[in-house]
Amino acid sequence: MKKSASAFLMLLFVLSGPLSGQELTAEDILSRRDDNMVFQTAYAEMEMIITIGKRTVSKEFISYTQGTEKSLIEFLSPARDRGTKILKLEKVLKVYFPSAERIMRISGHMMRQSMMGSDFSYEDLTETAEELKKEYTSSLKDEEDYDGFPCYIIELVSKKEDRTYFTQKIWIDKDKFIGRKAELYARSGKLLKLLTVSDVQSFRNRFYPTRVTMEDKVRKDSKTEMIVKKIDFDIDIPQDTFTERNLLRR
Amino acid sequence: MKGIVTLAWRNIGRNRRRTLLTTIAIAIAVMFVVFVQGYMKGILDNFVQNLIRNDTGHIKLAAKEFLRLERTLPKEHLIFDSVSIEEKILQMPEIQSKTERIRFHLVLSHRDRNEPCLGIGINPSGEKDFLGLDKHIIEGSYLRDSSSEMILGYRLANKLGVSPGDELLAVTTDINYSTYALTFKVAGLIRTGLATLDKHFFYIPLDKAQVLLDCKGAVHEILILLKNPDEAPKVAASIQEMLRDEGRGETIAAVPWQQHFMVRFYMPYANSFIFVLMLIILFIAALVILNTMLMAVLERTHEIGIIKSLGMRDRTISMMIFLESLFIGLIGSAVGGFLGSALTLYTQKFGLDLSQFMDKFETPVPIVSSMIHPQFSMRILALSVIFALATALLSSLYPSIKASRMMPVEALRSSLK
């Protein structure tokens, strides 16, 4: 069964893909990229560096992922964020706040808000490759070098009117089939977010973006760097990891 | 001369319907002007009072960056160690009272409902002179100092489905970009009549807001009320000097309420708007008076023809008509002035509640309450009476001259047609 990553890993995998080919359609290119996400489970240790103006804040967290449906993130630092957990079950996001010892379900307007102060929104965590394929029309626009890598430029246009990112422009590496860059636009044509990949590593049979920068263009002078410090694929994760009860566990 | 006065007085009694009509026209015009002007003044006054109590105080102290970016409420621009500044300010003799606030965006959550709203950390007892929310509680009770309680607008409470006693989760990003949450118990619901406040605002004790934002001892704003509001610019200048001596003049500003953009830009605009509106009302009133007076004279062509052929002088005839207008004008503006003043004074005392209409308006800044107390002004009363009288007299000028110049034969003939 083909499974792809979700939550944070998803974000990274949106930008990852395998091996080369020629005379490809936009769909082929996207599929090739998505093929690279095949795994059952993953465990990752990550660091998030948020820069707003002159200030920089670093946050560490770990994440467990199972397929596209389930993921759990737990923050380790800084002190005020320590113990905050985000559980994703399909499209439902729940956050546990240790200070209040309460769980909040993220919904509606909150989905578009900054996730833990970063340039990523909660909504950004829930987008999956299947969804992208189903709900956007894709077309191969151009070919261009980005950061020294030859890339395909794929444009995705939402089939639905009310979508935060109505159009997306994605630069996919012609050689490794991983995303190098993505521009996310509002329906008005305004650039909302810019995602760039600055480091890619190979793990056994796959390439994997390990340093990704998201810039929320609506916030001024703001960017969030996401660094994968360690990642293990297809490991054993206890079944009760992705439950609300586990959220409440200290 | 005395004969003319008597004749004119009798004349206005001769055609009751005509006199009544003209008198009513003038009375309504005067009443309308007096009341509308009073109502407009009431709105402006209400606006300034709301602005001072909700937003500016007579003087507001805040970080310069916070003031510059006030629309987005940048939580990190704070006045740190606010107590030391407040202690110095309270020594000034002009100060009546002070309070401090933290204002920030956050999300309130109850069960599965989330609402983005505006949280205000307040000093519950200190706010009695300012927001005065204790007077707006419609259910439950007012906030207790340092409690883990919250009061919120009744429409916000409806949206979240909470009532007093329920627990709410407040989630925000603190000044160091950490996400933090605390639970609060709903103490009471407030209804201010300002749609924006009732729909989006909630209030928690200041110290809890400081915990949420991770900013112990710091506030966004210090608000000051003075014994005399007119002294605000002067006192603000001396506070600014004190801040400079403390070495904090670069980052913190003391702003008098008169400098608020709403006051600086909109008040003159509002005043000229009212002035133009008054001119239009008065112009229409003048047309009505002119028309009635004109009709009153032209109707009497036959009568004037007769008294002329009986030998009355032109000047005497103009004087007679002028006096008639004067009497009618006096009676009309007296009645109108009385009614207008009575209406204004009555509504000034008991207020005019337009909440049915006001609930529909949503403004980015709380502006005007639904309950308006019009402001009676002797000056406006005198002005509108004089204006109405002058209009009545001026508008009688043309018909009276026309009447006096009529050839008796023509006047008599025209009425026989």
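Note that the structure is a prediction, hence the values are computed from the model and not measured.

Participant: Would you mind going over the overall build of chain B in detail, with residue names and values included?
Facilitator: Secondary structure assignment for chain B yields 14 helices and 12 strands. Against the compact-globule benchmark of 22 Å for 417 residues, chain B has a radius of gyration of 31 Å, which places it well outside the compact range. Expressed along its principal axes, the backbone C-alpha trace of chain B runs to roughly 100 × 50 × 30 Å. When burial is assessed residue by residue, chain B has 42% of its 417 residues classed as buried. Nonlocal contacts in chain B, meaning residues at least 24 apart in sequence, comprise 81% of its contacts between residues at least 6 apart.

Participant: Pulling in residues and values, what's your account of helix H2 (residues 16-56) of chain B?
Facilitator: Under the 1.5 Å per step criterion, the end-to-end length of H2 of chain B is 57 Å for 41 residues, consistent within 8% with the ideal 60 Å. Gly57 of chain B occupies a position one or two residues after H2 of chain B and carries a positive phi of about 60°.

Participant: An account of the interface of chain B and chain A is requested, with residue identities and associated values reported.
Facilitator: Chain B puts 18 residues into the contact, and the matching count from chain A is 19 residues. For the side of chain B that touches chain A, the elements supplying multiple residues, two or more each, are strand S2 (95-110), strand S3 (113-122), strand S6 (167-173) and strand S7 (179-190) of chain B. In terms of residues, the side of chain B that touches chain A owes the most to one element, S7 of chain B, which gives 5 residues.

Participant: Any chance you could break down unusual backbone geometry for me, citing the residues and the numbers?
Facilitator: Residues and elements named next belong to chain A. With omega at 0°, the peptide bond leading from Ser77 into Pro78 counts as cis. Position of Pro78 among the secondary structure elements: in the loop between strand S3 (70-77) and strand S4 (85-89). Notably, Asp147 is not glycine yet its phi reads approximately 55°, a positive angle. Tracing the sequence through the fold places Asp147 in the loop between strand S7 (136-146) and strand S8 (149-158). For Asp234, which is not glycine, the phi dihedral falls at a positive 50°. Tracing the backbone shows Asp234 in the loop between strand S13 (222-233) and helix H5 (244-248). The exposure class assigned to Asp234 is exposed, which follows from the 12 C-beta atoms found within 10 Å.

Participant: Can you lay out the packing of H2 of chain B against helix H11 (residues 314-350) of chain B for me, pointing to particular residues and giving the numbers?
Facilitator: Residues and elements named next belong to chain B. Closest axis-to-axis distance for the H2/H11 pair is 7 Å, and the angle between their directions is 35°. The element H2 and its partner H11 pack so that their crossing is right-handed. Of the residues belonging to the contact of H2 with H11, the class tally is 13 nonpolar, 12 polar and no charged.

Participant: Just give me the short version of the pairing of strand S1 (residues 41-52) of chain A, but keep the residues and values in it.
Facilitator: Side-chain direction in a regular strand flips from residue to residue, so the side chains alternate between the two faces of the sheet. All names here are of chain A. In terms of strand pairing, S1 meets strand S2 (residues 55-66) through 12 bridges, oriented antiparallel. Counterpart to Glu47 in the pairing with S2 is Glu60. Joining the antiparallel neighbours S1 and S2 is a turn of 2 residues, in which Gly53 adopts a positive phi near 60°. Pairing of S1 with S13, which is carried by 11 bridges, proceeds in the antiparallel orientation. Each residue of the ladder has a partner; that of Ile49, found in S13, is Glu225.

Participant: Lay out the nonpolar core with the relevant residues and their values.
Facilitator: Residues and elements named next belong to chain B. Core analysis: the largest hydrophobic core is formed by 119 residues, its most contacted members being Met150, Ala170 and Phe202. Broken down by element, this core gets its largest block of residues, 8 residues, from S7. Counting 32 residues, the second largest nonpolar core, distinct from the first, contains Ile12, Val33, Met40 and Ala411.

Participant: Which residues make up the domain arrangement of chain B, and what are the values?
Facilitator: Interfaces are often described in size by the accessible area the parts lose on coming together. Assigned domains within chain B: domain 1 (2-51 + 264-414) and domain 2 (74-219). One C-alpha centre belongs to domain 1 of chain B, the other to domain 2 of chain B; they are set 51 Å apart.

Participant: Go over the environment of Phe166 of chain A with me, naming the residues and quoting the values.
Facilitator: Residue and element names in this part refer to chain A. Relative to the elements of secondary structure, Phe166 occurs in the loop between S8 and strand S9 (167-173). The exposure class of Phe166 is buried, given the 20 C-beta atoms found within 10 Å. For the pair formed by Phe166 and Leu140, sequence separation is 26 residues and the distance between their alpha carbons is 17 Å.

Scoring rules and cut-offs
Residues numbered from 1 in each chain as written. Chains lettered and ligands numbered in written order. Predicted model: local features only at pLDDT ≥ 70, side-chain atom pairs only at ≥ 80, totals over all residues. Helix = DSSP H or I, 4+ residues; strand = E, 2+ residues; numbered from the N terminus. Rg over C-alpha atoms; globule rule 2.2 N^0.38 Å. Buried ≥ 20, exposed ≤ 12 C-beta atoms within 10 Å, placed from the backbone. Contact = placed C-beta atoms within 7 Å. Expected span 1.5 Å × (residues − 1). Axes fitted to C-alpha atoms, helices over the stretch in contact; angles between N-to-C directions. Left-handed = near helix turned anticlockwise from the far one by under 90°. Nonpolar A, V, L, I, M, F, W, Y, C, P; charged D, E, K, R; others polar. Pairing = 2+ DSSP bridges. Core = buried A, V, L, I, M, F, W, Y, C linked by C-beta atoms within 7 Å. Domains from an automatic or database assignment.

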